[in-house]
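Given next are the chains, with one letter for each unit.
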Amino acid sequence: MQLKFLFFCLIFVGFFSCKTPKDVVYFQNSENLEKIPSASTFTPVFKVDDIVSIMVSASDMDAARPFNLMQGSSISASGEGGATGGGGAEPTYLIDEVGEIEFPVLGRLKIAGLTRVQVKELVKEKLKIYINDPIVSVRLKNFKITVMGEVARPGSFTIPNERITIIEALGLAGDMTIKGRRENVMIIRENDGVNTYHRVDLTSKTVFDSPVYYLAQNDVLYVEPNEFRIKESKARSNTLNVVISIIGVTLSIITLLIR
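Heads up: these notes are all about the structure in this document. Keep in mind it's a predicted model, so treat the numbers as computed, not measured.

### With respect to the nonpolar core
And step 1. Among the nonpolar cores identified, the biggest contains 47 residues, and Ile-54, Phe-103, Ile-145, Val-147, Ile-166, Leu-170 and Leu-221 are the most heavily contacted of them.
And step 2. Where this core is concerned, the elements lending two or more residues are strand 1 (51-57), strand 4 (100-103), helix 4 (116-127), strand 6 (135-140), strand 7 (144-149), helix 5 (166-172), strand 9 (185-191) and strand 11 (220-223).
And step 3. Those residues in contact with Ile-145 that lie beyond four places of it in its chain are Gly-155, Ser-156, Phe-157, Ile-159, Ile-164, Ala-169, Leu-215, Ala-216 and Asp-219.

### What about helix 4?
And step 1. Given a rise of 1.5 Å per residue, 12 residues ought to cover 16 Å, and the 17 Å separating the end C-alpha atoms of helix 4 matches this to within 8%.
And step 2. On its buried side, helix 4 packs onto strand 1, strand 4, strand 5 (107-110) and strand 6.

### What to know about unusual backbone geometry
Trans is the prevailing form of peptide bonds, just as negative phi is the prevailing case for residues other than glycine.
And step 1. A positive phi angle is found at Asp-49, which is not glycine, with a value near 75 degrees.
And step 2. Tracing the chain through its elements places Asp-49 in the loop between helix 2 (21-24) and strand 1.

### Examining the environment of Val-119
And step 1. Checked against the element boundaries, Val-119 lands in helix 4.
And step 2. Residues Val-119 and Val-136, 17 residues apart in the sequence, show an inter-C-alpha distance of 9.3 Å.
And step 3. Here Val-119 is in contact with Phe-46, Ile-54, Ile-111, Leu-114 and Val-138, once residues within four sequence places are set aside.

### Here we look at the pairing of strand 9
And step 1. With 5 of 7 residues buried, strand 9 lies mostly within the body of the structure.
And step 2. Two strands pair when backbone bridges link them, and strand 9 and strand 10 (residues 194-200) are joined in this way by 7 bridges, in the antiparallel orientation. By the bridge assignment, Ile-188 is partnered in strand 10 with Tyr-197.
And step 3. Where strand 9 hands over to strand 10, the hairpin turn is made up of 2 residues, of which Asp-192 adopts a positive phi near 55 degrees.
And step 4. Summarising the sheet, strand 9 and strand 11 pair through 3 bridges and their orientation is antiparallel. Note on strand 11: the bridge partner recorded for Met-186 is Tyr-222.

So, how was this worked out
Residues numbered from 1 in each chain as written. Predicted model: local features only at pLDDT ≥ 70, side-chain atom pairs only at ≥ 80, totals over all residues. Heavy atoms only, no water. Core = buried A, V, L, I, M, F, W, Y, C linked by side-chain atoms within 4.5 Å. Buried < 20%, exposed > 50% of the residue type's maximum accessible area, 1.4 Å probe, protein only. Helix = DSSP H or I, 4+ residues; strand = E, 2+ residues; numbered from the N terminus. Contact = heavy atoms within 4.5 Å. Expected span 1.5 Å × (residues − 1). Pairing = 2+ DSSP bridges.

Honestly, it's all geometry; don't read function into it.
Here it is, written out as structure tokens:
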């Protein structure tokens, strides 16, 4: 009788714990040496509350100096979108609620909605009346993504460049656990105050064509738990409730016996 019970338990555990390749393998149906052109291209644009570094240089550095923060100086980064930092070496600017920054000498510049290259050309064009052949360096300083759910190391990650794919983001988070739904990964993206939700299937090679294959700043990648993980969580919760109930009843009986 005990052997039969043990055999039944092993079958039960095996049935619910084993995952088929269809559930866990990425990029299925991809052939050996197959070339899959990615139709998804992404160039990030600056948004409200982004922090942007803009550095101006030229052959005559004295002419360029007024367009950069002086060593030891600091301009408050308030809602008016001023410069920040105070370090002098790399001036940074907070894009305000109307999409503008307050740039030294040039005044207010609207850069929200522009790419890094577009901002670079905008500043260079305005500098031409002050500097011959200005060199402008533009960088997004707060490119951050968040990975949540059934991954090994959930959290927020700061990206040193301006391009990261879904695959790279999962790599930063230590990949999905065996209990994550690979066919239904959610990307939450905010545009102009509105959140949009995209779902991608990482078991299919069509993920490379997804419009969210390249993540944007502040994107949230969420890996849903599979059905077994949900059932497991519910079972643990039910077990805990039963244990708490038993303890409560036991304490009540002991109290009555003591009286």
